[in-house]
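Descriptive analysis of the structure
Chain residues, written in single-letter form:
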Amino acid sequence: LALLARAAAAVAPAVNAQAAGDLVVRARAVYLDSANKNDAQLKTSLAGLGAGEASINNKWLPEVDFTYFVTPNIAAELILTYPQKQTLTVQGLGDVGTFKHLPPTLTAQYHFSGMGAFKPYLGAGVNYTRLMSVNLGPDLDLKKNSWGLAVQAGADYAIDKKWSVNVDVKKVQI
């Protein structure tokens, strides 16, 4: 599975003129837009059941992240949420069960400077996903742990000296 997360109008304190040692905390509303790609093994398993493609639901979810500035331009961001419940649907079978996933992601970021209140950044990192509360039919199973890559592009726009608006787009492999 792949995850595309878009953070909409998140507000973060103290993002003006970051310095080494600064910590920025953001709260975001994130839209999980699942890629719903089925690998060859899954397609074979589903074909054996007389079923088509598998997919999970898209949804909005809360997210909090912590960005620590190593230098004024280099930062590390830890992205967190609580375990998210997903419904697994299979063509020809309908809803076949549910599971929860916890996908913390750590990225290294480069923050561009010299643009006034507008502060764009790019990032890349790694995602670890833990599946839990897996409740699927007897013929279906999911890996309980996975690692994947993450990339992001975003920008903060300073409203004043303490608050900013943030927009962020991420592609995360789960």
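Note that the structure is predicted; figures quoted are calculated from it, not measured. (Residues numbered from 1 in each chain as written. Predicted model: local features only at pLDDT ≥ 70, side-chain atom pairs only at ≥ 80, totals over all residues. Heavy atoms only, no water.)

**A closer look at the confidence of the model for the protein**
Formally: Confidence per residue, as judged by the predictor, is encoded in pLDDT with a range of 0 to 100. Only DSSP runs of H or I reaching four residues or more are called helices, and only runs of E reaching two or more are called strands; each is numbered from the N terminus. Any two residues having at least one pair of non-hydrogen atoms within 4.5 Å are treated as being in contact.
Confidence in the prediction for the protein averages 84 pLDDT; 82% of positions are at 70 or higher. The weakest mean pLDDT in the protein belongs to strand β1 (residues 2-13) at 45; the strongest belongs to strand β8 (residues 105-111) at 97. Here residues 1-15 scores under 50 on pLDDT; set against residues more than four positions off or in separate chains, the count is 72 contacts.

**Quick look at the environment of Gly94**
Here is the rule: Burial classes follow relative accessibility: with a 1.4 Å probe on protein chains only, a residue under 20% of its type's maximum area counts as buried, one over 50% as exposed, and anything between as partly exposed.
Looking at where Gly94 falls in the secondary structure, it is placed in strand β7 (residues 94-102). Take Gly94: its relative accessible area is 29%, and that puts it in the partly exposed class. Separated by 43 residues in the primary sequence, Gly94 and Ala51 place their C-alpha atoms 9.5 Å from one another. What Gly94 contacts, discounting residues up to four positions off in sequence, is Leu88 and Thr89.

**Focus: the nonpolar core**
Keep this limit in mind: By nonpolar core is meant a set of buried Ala, Val, Leu, Ile, Met, Phe, Trp, Tyr and Cys residues that side-chain atoms within 4.5 Å join together.
Counting ten residues, the largest nonpolar core consists of Ala51, Ala54, Ile56, Leu88, Val90, Val96, Phe99, Leu131, Leu136 and Leu140. Listed by contribution, the elements that provide at least two residues to this core are β3 (54-56), β6 (84-90), β7 and β9 (118-136).

**Considerations on the side chain of Asn127**
Here is the rule: Whenever two N or O atoms come within 3.5 Å, that pair is a polar contact, provided that in protein one can donate a hydrogen and the other can accept it, and provided that, for residues adjacent in sequence, both atoms are side-chain atoms.
As for its position among the elements, Asn127 is in strand β9. Polar side-chain contacts of Asn127 include one of 3.0 Å to the side chain of Thr105.

**Regarding the pattern of salt bridges**
We apply this condition: Any Lys or Arg side-chain nitrogen located within 4 Å of an Asp or Glu carboxyl oxygen qualifies as a salt bridge.
What the rule picks out here adds up to nine salt bridges. Here Asp65 ties to Arg26 by a salt bridge, and the two come within 3.2 Å at their closest N and O atoms. In this pair, Asp65 is assigned in strand β4 (residues 59-69) and Arg26 in strand β2 (residues 23-34), connecting sequence segments 39 residues apart. When the shortest N-O distance is used, the salt bridge between Asp168 and Lys170 registers 2.4 Å. The structure contains a network of salt bridges with shared partners spanning Arg26, Arg28, Glu63, Asp65, Glu77, Asp156, Asp168 and Lys170.

**Here's the deal with the packing of aromatic side chains**
Spelled out, the test is: Pairing of aromatic side chains requires ring centres within 6.5 Å, counting the rings of Phe and Tyr and the six-membered ring of Trp. Pairs whose planes differ by under 30 degrees are stacked, by over 60 edge-to-face, and all others tilted.
Following the criterion strictly, the structure yields three aromatic pairs and no others. Each ring, one from Tyr110 and one from Phe112, has its centre 5.0 Å from the other, and the planes form 80 degrees; the classification is edge-to-face. Measuring from centroid to centroid gives 4.9 Å for Tyr128 and Trp147, while their planes differ by 50 degrees, and the two rings are tilted. Linking Tyr128 in strand β9 with Trp147 in strand β10 (residues 145-158), this pair joins segments that are 19 residues apart in sequence. Its relative accessible area of 26% is what places Tyr128 among the partly exposed residues.

**Observations concerning the environment of Val169**
Structurally, the position occupied by Val169 is in strand β11 (residues 163-173). As for Val169 and Val151, which are separated by 18 residues in sequence, their C-alpha atoms are 8.4 Å apart.

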